[in-house]
Amino acid sequence: MNTDFLQQLGLAPHNPGTFTGMESFSGGEKLESYSPVNGALIGSVTQTTREEYEQVIRASEAAFKVWREVPAPKRGEIVRQYGDLLREYKDPLGRLVSYEMGKSLQEGWGEVQEMIDICDFAVGQSRQLYGLSMHSERPHHRMYEQWHPLGIVGIISAFNFPVAVWSWNSMIALVCGDVCVWKPSEKAPLCGVACQLLFQRILKANNLPEGIITLVNGDYRIGEWMTNDTRVPLISATGSTRMGKIVGQTVAGRMGRTLLELGGNNAIIITPSADINIVLTGALFGAVGTAGQRCTSTRRLIIHESIYEEVKEKLARAYGQLRIGNPLDQHNHVGPLIDTGAVKAYLHAISEIGREGGSMLVEGGVLDGPGFESGCYVKPCVAEARPEMAIVQHETFAPILYLLKYKDLDEAIAIQNGVPQGLSSAIMTNDMREAEKFLSVAGSDCGIANVNIGTSGAEIGGAFGGEKETGGGRESGSDSWKAYMRRQTNTINYSKTVPLAQGIQFDL
Ligand code: NAD
């Protein structure tokens, strides 16, 4: 396995895990990163110690005082430079994402492209942090509202988008005038170090204060320091609903703000008028892409009874053609799960399907032998199930797809909405009434609702996030920037009197 990309990114076999922007520390325990692709040790980082964490926060606080005074379009210029550097390093960084996380090389490059795209978006946004002005009810008064940065934004990210999620948050937060502390997933720590090393170059070249973009590495304990820290006014956390419930409660307990991007249980409704080619492509990519480890992965197909058998048969045939193997080999469609813990969860879900009375249409199983030594490669599988089964209600982060049958659209929408999660949803139809109903107030209850596109993935220009147990956060495009700023209403009196509200007289 050629791992030249590690050197190209400035990574060593052992790397510091804490960065106050420019300075780095290696005081803590070793955290090793193994590739799910071949089980090899990629490298290691040191976990952030409590003392190092304090240094990072102190550097961030100092940097914020400088950064907030830099005009927003000039902040955008720094983000533009980072976007340019990412263009230069797209290949090695994409390869690292693929090797450390296990997604296909195309998806690894795609993730870096999303980083570049959000940089471009943020540059434009830096000139559009608009407030409103409104008419005062008092004569010779002017009233308006403006947006100020919050301060330190703490970003806690999941393993499955080891670089893009950080950039969605941090590039927008940066143009807003915030500084960012990032704790990447302990399952992909080298991706965090690589992004930080690249940003360091931008800090140095522009002679900027070191704490604008910082990095802390380690497990949930470092995340807990951040969520309990009143010096961090906003925590943006991406990961499981289990984690989000803890983070949400902790931060609310100190009156901080959260942006929570949590688990999904995404469904496609397939109607009789659907174009079968769109259905198969959308469903297959949605269910097996990233080995079912996207928050937007398709987990349920809700199929009209009149076409159920046809869809089932064609889907089974399509699954038969999938090639599973090394994700850096572009001939393969499906790579490994992140680790053997995820394989266990996959096997548990399959046994639950049987226990709850579901039946397998395409059998699952763990692959072994040459090429599969990491023990993380599993067969994407399809089960016929019922919507109310506990395992169908649960997000298993693996390529397991459930087929569910419906009679009329109201029932299909009720099934689609009848899960605790609310991230992404889709309908496949050529019937305008069905499409509009699905998008109406009585339709999908998810943050994302698509027509004739699968559930998987999203463009950075839209606000990204979900409802219910998905956490309610919105990040990336549209007006998501407002989550990273505080709003202030200002009234200016340019008269020679002070008219009091509610007609109160206060003569001195
Ligand atoms: P995870 O919840 O195990 O970990 C996510 C991050 O949270 C890690 O950095 C982890 O160290 C940290 N963490 C865990 N417990 C914590 C605590 N008590 N306090 C503070 N931090 C804590 O999730 P994962 O396995 O890395 O990722 C998979 C999950 O992420 C799936 O549920 C997936 O749907 C979700 N996800 C959601 C989105 C979205 O935008 N909605 C995007 C990507 C992933």
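Structure's up top.
Basis of the calculations
- Residues numbered from 1 in each chain as written.
- Predicted model: local features only at pLDDT ≥ 70, side-chain atom pairs only at ≥ 80, totals over all residues.
- Heavy atoms only, no water.
- Axes fitted to C-alpha atoms, helices over the stretch in contact; angles between N-to-C directions.
- Helix = DSSP H or I, 4+ residues; strand = E, 2+ residues; numbered from the N terminus.
- Parallel < 35°, antiparallel > 145°, perpendicular 65-115°, else oblique.
- Left-handed = near helix turned anticlockwise from the far one by under 90°.
- Contact = heavy atoms within 4.5 Å.
- Nonpolar A, V, L, I, M, F, W, Y, C, P; charged D, E, K, R; others polar.
- Pairing = 2+ DSSP bridges.
- Buried < 20%, exposed > 50% of the residue type's maximum accessible area, 1.4 Å probe, protein only.
- Near = heavy atom within 4 Å.
- Polar contact = N/O pair within 3.5 Å; in protein donor to acceptor, adjacent residues only side chain to side chain.
- Areas by Shrake-Rupley, 256 points an atom, 1.4 Å probe, with all protein chains shown as cover.
- 1 Å grid on protein atoms, 1.4 Å probe; cavity = no way out; pocket = protein on both sides within 12 Å on 5 of 7 lines; lining within 4 Å.
- Sits in = over half its atoms within 2 Å of the grid points.
- Core = buried A, V, L, I, M, F, W, Y, C linked by side-chain atoms within 4.5 Å.
- Domains from an automatic or database assignment.
- Points joined across faces, edges and corners; volume = space filled by probe spheres on them.

A. Focus on the packing of helix α3 (residues 72–88) against helix α5 (residues 105–125). The N-to-C vectors of α3 and α5 enclose an angle of 160°; their axes lie 8 Å apart at closest approach. In terms of orientation, α3 and α5 fall into the roughly antiparallel class. The hand of the α3/α5 crossing is left-handed. Across from Gly76, Val79, Arg80, Tyr82, Gly83, Leu86 and Arg87 in α3, the residues of α5 making contact are Val112, Met115, Ile116, Cys119, Asp120, Ala122 and Val123. Taken together, the residues of the contact of α3 with α5 break down into nine nonpolar, two polar and three charged.

B. Geometry of the environment of Gly244. Inspection of the secondary structure assignment puts Gly244 in helix α9 (residues 241–253). If we ignore the near neighbours within four places in the chain, the residues touching Gly244 are Leu260 and Leu262.

C. The sheet that holds strand β1 (residues 14–15), seen in detail. On the basis of which strands lie adjacent, the open sheet formed by three strands has the order β1-β5-β4 and mixed pairing. For this open sheet the edge positions go to β1 and β4 (30–34), each flanked by a neighbour on one side alone. With five bridges connecting them, β4 and strand β5 (residues 41–46) associate as antiparallel partners. Following the sheet pairing, Glu32 is matched in β5 by Ser44. In the packing of helix α7 (residues 189–205) onto the sheet, contacts are made with β1, β4 and β5, and the angle to β5 comes to roughly 70°.

D. The sheet that holds strand β6 (residues 133–135), seen in detail. The strand order across the open sheet built from three strands is β6-β7-β24, with neighbouring strands paired in antiparallel fashion. Edge positions in the open sheet fall to β6 and β24 (485–493), since each of these has one partner strand only. Pairs of neighbouring strands in the sheet enclose a mean axial angle of 25°, with direction left out of account. Bridge count between strand β7 (residues 141–149) and β24: nine bridges; the pairing is antiparallel. If you follow Trp147 over to β24, its bridge partner there is Arg487.

E. A look at the pairing of strand β8 (residues 152–156). For β8, the tally of buried residues reaches five of five residues, placing the bulk of the element in the interior. In β8, alternate side chains face the same way, and those of Ile152, Gly154 and Ile156 on one face and Val153 and Ile155 on the other are all buried. Bridging between β8 and strand β9 (residues 179–183) involves five bridges; their strand directions are parallel. Residue pairing for β9: Ile156 is matched across the bridge by Lys183.

F. Structural view of the site of the ligand. In the vicinity of the ligand there are 29 residues, among which Ser157, Glu186, Ser240, Leu262 and Glu395 approach most closely. Within the contact set of the ligand, an oxygen atom lies 2.5 Å away from a side-chain nitrogen or oxygen of Ser240. Burial of the ligand by the protein amounts to 93% of the accessible area it has alone, namely 860 Å². Of all the cavities here, the one that holds the ligand is the largest pocket. At the level of elements, α8 (220–227) and α9 are the ones that each hand at least two residues to the shell around the ligand. In terms of residue count, α9 provides more of the shell around the ligand than any other element does, four residues in total.

G. Broad picture of the nonpolar core. In this structure, Tyr82, Leu93, Leu96 and Met171 are the most contacted members of the largest nonpolar core, which totals 96 residues. Looking at which domains feed residues into this core, each of domain 1 (4–262 + 471–488) and domain 2 (266–461) gives three or more. Grouped together as the second largest cluster of nonpolar side chains are 57 residues, Ala274, Val392, Tyr406 and Ala426 included.

H. Just the layout of surface pockets, in detail. Taken as a whole, the largest pocket spans an internal volume of roughly 1,300 Å³. Lining the largest pocket are 47 residues; nearest its centre among them are Gly239, Ser240, Thr241, Arg242 and Met243. For the lining of the largest pocket, the secondary structure elements donating two or more residues are α6 (164–176), α8, α9 and α12 (340–355). Of all the elements, α9 adds the most residues to the lining of the largest pocket, at six residues. Split into classes, the residues belonging to the lining of the largest pocket amount to 20 nonpolar, 18 polar and nine charged. Looking at the second largest pocket, its volume works out to about 340 Å³. Taken together, 19 residues make up the lining of the second largest pocket; nearest its centre are Glu114, Phe161, Arg294, Gly457 and Ala458. At six residues, the largest contribution of residues to the lining of the second largest pocket is made by α5. Grouping the amino acids of the lining of the second largest pocket by side-chain chemistry returns seven nonpolar, five polar and seven charged.

Treat this as a map of the structure, not an account of what it does.
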